[in-house]
Amino acid sequence: MPIQVQAPLVRMEDGLLVVQLAPSVPIGGQNWQFELMNRFGGVSGRIVKNMASGFLVSSGMNITNSGIGIMTVQVNSQDTSGLPYGNYAFAVTRLDSGNRTAATEGFLLILP
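Residues numbered from 1 in each chain as written. Predicted model: local features only at pLDDT ≥ 70, side-chain atom pairs only at ≥ 80, totals over all residues. Heavy atoms only, no water.

What should I look at first to understand the pattern of salt bridges in this one?
Should their charged atoms come close, side chains of opposite charge can pair. The full count for this structure, using the stated rule, is three salt bridges. For K49, the salt bridge identified is with D79, shortest N-O distance 2.9 Å. Taken together, the positions of K49 in strand 4 (residues 47-51) and D79 in helix 1 (residues 77-80) put the pair 30 residues apart, joining distant regions of the chain. In this structure, the salt-bridge partner of D96 is R94, at a minimum N-O distance of 3.3 Å. Residue classification places R94 among the partly exposed positions, given a relative accessible area of 29%. (Salt bridge = Lys/Arg side-chain N within 4 Å of Asp/Glu carboxyl O. Helix = DSSP H or I, 4+ residues; strand = E, 2+ residues; numbered from the N terminus. Buried < 20%, exposed > 50% of the residue type's maximum accessible area, 1.4 Å probe, protein only.)

Honestly, the nonpolar core in this entry has me stumped. Any pointers?
Within the largest apolar cluster, 22 residues are counted, with the highest numbers of intra-cluster contacts made by W32, F34, L36, M61, M71, V92 and L108. Secondary structure elements with two or more residues in this core: strand 1 (3-10), strand 2 (15-20), strand 3 (31-37), strand 4, strand 6 (70-75), strand 7 (86-96) and strand 8 (99-111). If near-sequence neighbours (up to four positions away) are discounted, M61 is found in contact with W32, Q33, F34, K49, N50, M51, M71, T72, V73 and V92. (Core = buried A, V, L, I, M, F, W, Y, C linked by side-chain atoms within 4.5 Å. Contact = heavy atoms within 4.5 Å.)

Put into structure tokens, the structure is as follows:
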């Protein structure tokens, strides 16, 4: 079962979410996705960030410590500039061929 958290972020300001898996597991060589959506089970994400194994460039996600499962998600000011204030659901999932495993779920509170 994924861990649930709530994190505040001021709209139109850069933010950094640090995700640490519990229990600690290695994340090297894996594909990960961060998705911010209106609600869980929503059709598409408002913000989508990816991190793929084998690539030096990622779209807003980086491994901080591969051995114990710490990664960061960069939320830029332009990501939140068009969002109304309020709570949004987010999920960090591991992507395998044909499978999605939710590692962390929570709510990101967009503040004025």
